[in-house]
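Examining the three-dimensional arrangement
Spelled out from the first residue to the last, the chains are:
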Amino acid sequence: MGKYVISVFVEEHSHPLSSLKKVHLLRSHRNVSEAKKSLTQQFSAANVPTHQQISILEFEVRGIENIGCTKKDIYNNEAKLHNEMQGQDAELLKEYFLTEQERDPSFMFKIDADDECKLMRCFWSDSVCKRAYGCFGDVVVFDTTYNTNQYGMIFAPLVGVNNHCQTVIFACAFLSDERTECFFWLFELLKKSMPANTPKMIITDQDPAMIKAVAQSLPNTFHRYYSWYILENFSIYLNAITYRDFYKDFKHCIWESKRSKDFERKWSSIIEKANLHDNEWLKSIFKLRSRWVPAYVNHVFSAGMSSNQYAESSHAFFKRYILKKNLLMDFILRFNRALAHQRHEDLSADHVDINEKPVLKLPLEMEKQMAEIYTRKIFYEFQDEL
């Protein structure tokens, strides 16, 4: 065993000393404690951005210099946790699903992997989702516009609306691509896992692979296209000036036409005024009008789920919890919180219906009777029609 002997000791520092105001920036004085690691993970699960986490910690200890670490240290710790999970994300997801299945025997999931054992797609639904489908599964919206994570997988929720006009989730999936095979796989699992019959209506975009899968798996379900997505595309397929001058006319034509003849007459008039006879996209969506224009599809119950208001509120709900940098388990943790909040809103609405009585406007027996039968949300819509 070697020995060391000190032969010379120079007492003076070989570098300038740090000032009291800067000492907290020295590496030797910085440390992300276990308590802060735990706290920042909870912040992240609650969708609090890292820069806001720093502000909260600063407020808690009365000064950024008292936190004990820098913003960069917090970011580095977050990146370290991210890298540690990255190699085992799919396995953690499977373990989570198995744990949920032990806790909830009605929890159902399915995971498919490719020949290299890479996650291709997965599906899951719990007992609350299944009960909701049994009550409100007449109409299903299937949306694949959410790119959720760094693997490029698509989050594909199957949702409906309950008796309070609130969004309810029937099932969820991660998909690696948008081929007919993937969609067919998902629809077959939906039918297998749910307690009731197939939906009377499904609302999706006009993706050709989706159209084919719905026809194969849900042949007796009316397939409606999302009007909201079509309206969103007007700004893409019309030049800026035409969009500015005529979009409101198109919107009024689509939503306010009560009969198919009214729609066709108004549509032709706008095409004429705007000189859009050669616009191929407008021609294509006009040919599909029986699948998306309200005047053609309102004979099939849709629970109001094709409206702009519903689409915007649904998108706002999911977008709060979806980031492209998410790992799968990052997303699951955030999404479960969203789901808990959503279900609490349902309980709150039930509580109001049971314990509070709406104010009646007119001395009508019918109004009194409907106040007893309808939920508060539906009653107020009925009351506005009186």
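- Looking up the protein in an unreviewed UniProt entry gives the name Protein FAR1-RELATED SEQUENCE 5-like, with the organism given as Ziziphus jujuba.

Some remarks on the overall build of the protein
- Regarding its fold elements, the protein presents 17 helices and 9 strands.
- Residues classed as buried in the protein amount to 43% of the 386 residues present.
- Intrachain contacts of the protein at a sequence separation of at least 6 include 60% that bridge at least 24 residues.

What to know about a nonpolar patch on the surface
- Taken together, the side chains of Leu362, Leu364, Met366 and Leu386 define a hydrophobic patch exposed on the protein surface, amounting to about 330 Å² of accessible area.
- Mapping Met366 onto the fold places it in helix H16 (residues 365-373).
- Residue classification places Met366 among the partly exposed residues on the basis of a relative accessible area of 44%.

Regarding the pairing of strand E9 (residues 222-225)
- Going residue by residue along E9, you find Phe222 and Arg224 tucked away on one face and His223 and Tyr225 tucked away on the opposite face as well.
- Relative to E9, strand E8 (residues 201-204) runs parallel, the two being bridged by 4 bridges. Paired with Thr204 across the two strands is Tyr225, which belongs to E9.
- Once you follow E8 into helix H7 (residues 208-217) and on to E9, the crossover reads as right-handed.

Brief notes about the environment of Ala371
- Among the secondary structure elements, Ala371 is positioned in helix H16.
- A residue is classified by how much of its surface remains accessible, and Ala371, at 18% relative accessible area, is buried.
- In the structure, Ala371 is positioned 12 residues away from Gln383 in sequence and 9.1 Å away in space, judged by C-alpha atoms.
- Excluding residues that lie within four positions of it along the chain, Ala371 makes contacts with Pro358, Leu360 and Phe379.

So, helix H12 (residues 280-287)
- Within H12 the residues assigned to the buried category are Trp281, Leu282 and Ile285. Along the axis of H12, the buried residues cluster in a sector spanning 100°; they form a single face. Every exposed residue of H12 that faces more than 90 degrees away from the buried side is listed here: Glu280 and Lys287.
- Between the side-chain oxygen at the start of H12 and the backbone nitrogen of Trp281 there is a gap of 3.1 Å, and the oxygen is on Asn279.

Description of helix H10 (residues 240-256)
- When the terminal C-alpha atoms of H10 are compared, their 24 Å separation across 17 residues agrees well with the 24 Å that a helix rising 1.5 Å per residue should span.
- Residues of H10 that are buried include every one of Thr242, Phe246, Tyr247, Phe250, Cys253 and Ile254, and no others.
- The elements touched by buried residues of H10 are helix H8 (227-232), helix H9 (234-237), helix H11 (260-274), H12 and helix H13 (294-297).
- For H10, the capping residue at the N-terminal end is Asn239, with a side-chain oxygen 3.1 Å from the backbone nitrogen of Ile241.

Examining the packing of aromatic side chains
- Within this structure, the stated rule accounts for 29 aromatic pairs.
- For the pair Trp267 and Phe286, a centre-to-centre distance of 5.8 Å together with 25° between the ring planes defines the contact as stacked. On the criterion of sequence distance, the pair formed by Trp267 in helix H11 and Phe286 in helix H12 is long-range, its members being 19 residues apart.
- Exposure remark for Phe286: the relative accessible area of 21% places this residue in the partly exposed category.
- The interplanar angle of 40° and the centroid separation of 6.1 Å between the aromatic rings of Phe379 and Phe382 together place this pair among those described as tilted. Of this pair, Phe379 and Phe382 both sit in helix H17 (residues 376-384), 3 residues apart, which is roughly one turn of the helix.
- Counting every residue linked through ring pairs, the aromatic cluster contains Phe234, Tyr237, Tyr243, Tyr247, Phe250, Phe263, Trp267, Trp281, Phe286 and Tyr296.
- In this structure, Arg289 is placed above the aromatic ring of Phe286, and the distance from its NZ or CZ to the ring centre is 4.1 Å.
- Residue placement shows Arg291 over the ring face of Phe222; its charged tip is 5.3 Å from the ring centre.

Comments concerning the pattern of salt bridges
- Enumeration over the complete set of coordinates arrives at 15 salt bridges.
- With its nearest N and O atoms 3.5 Å apart, the salt bridge here joins Arg121 to Glu181. Of the two residues, Arg121 is situated in strand E2 (residues 119-125) and Glu181 in helix H6 (residues 180-193); the sequence distance between them amounts to 60 residues.
- What makes Glu181 partly exposed here is its relative accessible area of 42%.
- Note that Arg265 and Asp262 form a salt bridge whose closest N and O atoms lie 3.6 Å from each other. Within this pair, Arg265 and its partner Asp262 are both found in helix H11, separated by 3 residues, close to a single helical turn.
- Classification of Arg265 by relative accessible area gives exposed; the value is 52%.
- Among the charged side chains, a network of salt bridges with common partners joins Asp112, Arg121, Asp177, Arg179 and Glu181.

A closer look at the side chain of Asp126
- Within the secondary structure, Asp126 sits in the loop between E2 and helix H5 (127-136).
- Dropping the residues within four chain positions of it, Asp126 is found in contact with Asp104, Ser106, Phe107 and Arg343.

A closer look at the nonpolar core
- The biggest cluster of nonpolar side chains holds 56 residues, and the ones touching the most others in it are Leu93, Trp124, Phe174, Phe234, Phe250, Trp267 and Leu282.
- Residue contacts for Leu93: discarding those within four places in its chain leaves Leu119, Cys122, Phe174, Leu328, Met329 and Ile332.
- In this structure, Met108, Val140, Phe187 and Leu218 belong to the second largest nonpolar core, which totals 27 residues.

Cut-offs used in this document
- Residues numbered from 1 in each chain as written.
- Predicted model: local features only at pLDDT ≥ 70, side-chain atom pairs only at ≥ 80, totals over all residues.
- Heavy atoms only, no water.
- Helix = DSSP H or I, 4+ residues; strand = E, 2+ residues; numbered from the N terminus.
- Buried < 20%, exposed > 50% of the residue type's maximum accessible area, 1.4 Å probe, protein only.
- Contact = heavy atoms within 4.5 Å.
- Patch = residues over 30% accessible without salt bridge, like charges linked within 9 Å, V, L, I, M, F, W, Y side chains within 5 Å.
- Areas by Shrake-Rupley, 256 points an atom, 1.4 Å probe, with all protein chains shown as cover.
- Salt bridge = Lys/Arg side-chain N within 4 Å of Asp/Glu carboxyl O.
- Pairing = 2+ DSSP bridges.
- Right-handed = clockwise from strand over helix to strand, strands pointing away.
- Arc of directions from axis to C-beta.
- Polar contact = N/O pair within 3.5 Å; in protein donor to acceptor, adjacent residues only side chain to side chain.
- Expected span 1.5 Å × (residues − 1).
- Phe/Tyr/Trp six-rings, centres within 6.5 Å; stacked < 30°, edge-to-face > 60°.
- Lys NZ or Arg CZ within 6 Å of the ring centre and 35° of its normal.
- Core = buried A, V, L, I, M, F, W, Y, C linked by side-chain atoms within 4.5 Å.

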